[in-house]
Structures are given as C-alpha cells and as structure tokens.
Amino acid sequence: MDESTNLIITLPDSVPEPKFELFQRVRHGKHTGVIVGMEWLCPMDALTQNMSSHGWSYRISFLYGKPPEAAFNAPDYGYDISEHCIHSIEGAEAA
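Residues numbered from 1 in each chain as written. Predicted model: local features only at pLDDT ≥ 70, side-chain atom pairs only at ≥ 80, totals over all residues. Heavy atoms only, no water.

## Description of the sheet that holds strand E4 (residues 78-82)
Here is step 1 of the chain: On the basis of which strands lie adjacent, the open sheet formed by five strands has the order E4-E3-E2-E1-E5 and antiparallel pairing. Whereas interior strands pair on both sides, the edge strands pair on one side only; in this sheet they are E4 and strand E5 (87-88).
Here is step 2 of the chain: Pairing geometry for strand E1 (residues 25-28) and E5, over two bridges, is antiparallel. What sits directly across from Arg27, in E5, is His87. (Pairing = 2+ DSSP bridges. Helix = DSSP H or I, 4+ residues; strand = E, 2+ residues; numbered from the N terminus.)

Structure, rendered in structure tokens:
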C-alpha cells in the first residue's frame, strides 16, 4: 500500500503559494532532480544574502531516488535556486 503524508501550512496573505512541491521532480538547466527543501525570502533577506530576487527558492537533490553509483557523476545539490530558474517535468509526480 502506498501511503503518503500531507503537510499543511498556513502562509501569511503577503506570501504567494509556491509553484513547486516538496519531492516534485524538476529540471534545472540540463539536470533533473527532486525538490528536497524550500524557503521564502522576503525582499530584505534577498538583499542581505545577495540573491538576485526575492520569493521562493528551492534546494534540489540530483541523487534522490537514484542508485549509489549515480553519485560519481552527479552534480552537487542545488542550493537557493530561484523559482523562475526551475522547470517542472511534464507528467512527473512527486517522487
């Protein structure tokens, strides 16, 4: 039986819903991976962290769900990747 757990959070009215979900398969550049973390950056946080834009940013694992030998040629984790730099993989569900 495939069981899943729902995570429900309440966002302030000023924060839009994220475009992507945790454990969703996505593409960043030429690599595909799975979203394993997400963070909302307000404009002031983005400024102090030298980020190019505020909003949702994501951490992508390029190894999640792959065999150990895949680690030898895999890119590092993608940290703080802005929402506009990530693309969903059509037809892909959460991992």
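Following the structure, the description resumes.
## Observations regarding the packing of aromatic side chains
What describes a pair of aromatic rings is the distance from one ring centre to the other and the angle between the planes of the rings.
Here is step 1 of the chain: Across all of its chains, the model carries three aromatic pairs by this definition.
Here is step 2 of the chain: Centre to centre, the rings of Phe20 and Tyr58 are 5.5 Å apart; their planes meet at 80°, and the pair counts as edge-to-face. Placement of the pair is Phe20 in the segment before E1 and Tyr58 in strand E3 (residues 55-61), with a sequence separation of 38 residues. Tyr58 carries the same exposure label as Phe20, and that label is buried. (Phe/Tyr/Trp six-rings, centres within 6.5 Å; stacked < 30°, edge-to-face > 60°. Buried < 20%, exposed > 50% of the residue type's maximum accessible area, 1.4 Å probe, protein only.)

## Section: the pairing of E1
Strand residues, when the strand is regular, have side chains that alternate between the two faces of the sheet.
Here is step 1 of the chain: As paired strands, E1 and strand E2 (residues 31-41) are joined by four bridges and run antiparallel to one another. Bridge pairing in E2 links Arg27 to Thr32.
Here is step 2 of the chain: Taking the residues between adjacent antiparallel strands as the criterion, E1 and E2 are bridged by two residues, where Gly29 takes a positive phi near 65°.

## A short note on a nonpolar patch on the surface
Here is step 1 of the chain: Together, Leu7, Ile9, Leu22, Phe23, Met38 and Tyr64 make up an exposed nonpolar region whose accessible area comes to about 550 Å².
Here is step 2 of the chain: Relative to the elements of secondary structure, Met38 occurs in strand E2. (Patch = residues over 30% accessible without salt bridge, like charges linked within 9 Å, V, L, I, M, F, W, Y side chains within 5 Å. Areas by Shrake-Rupley, 256 points an atom, 1.4 Å probe, with all protein chains shown as cover. Salt bridge = Lys/Arg side-chain N within 4 Å of Asp/Glu carboxyl O.)

## Overview of the nonpolar core
Here is step 1 of the chain: One finds Val15, Phe20, Val26, Ile35, Trp56, Tyr58, Ile60, Phe62, Ile81 and Ile86 forming the largest nonpolar core, which totals 10 residues.
Here is step 2 of the chain: Considering every element that reaches this core, the biggest residue donor is E3, with three residues. (Core = buried A, V, L, I, M, F, W, Y, C linked by side-chain atoms within 4.5 Å.)

## Here we look at the state of the cysteines
Here, the word disulfide means a covalent bond between the sulfur atoms of two cysteines.
Here is step 1 of the chain: On inspection of all chains with the given rule, the structure shows zero disulfides.
Here is step 2 of the chain: Counting only cysteine sulfurs, Cys85 is the nearest neighbor of Cys42, a cysteine outside any disulfide, at a range of 19 Å.
Here is step 3 of the chain: Classification of Cys85 as partly exposed rests on a relative accessible area of 33%. (Disulfide = S-S within 2.5 Å.)

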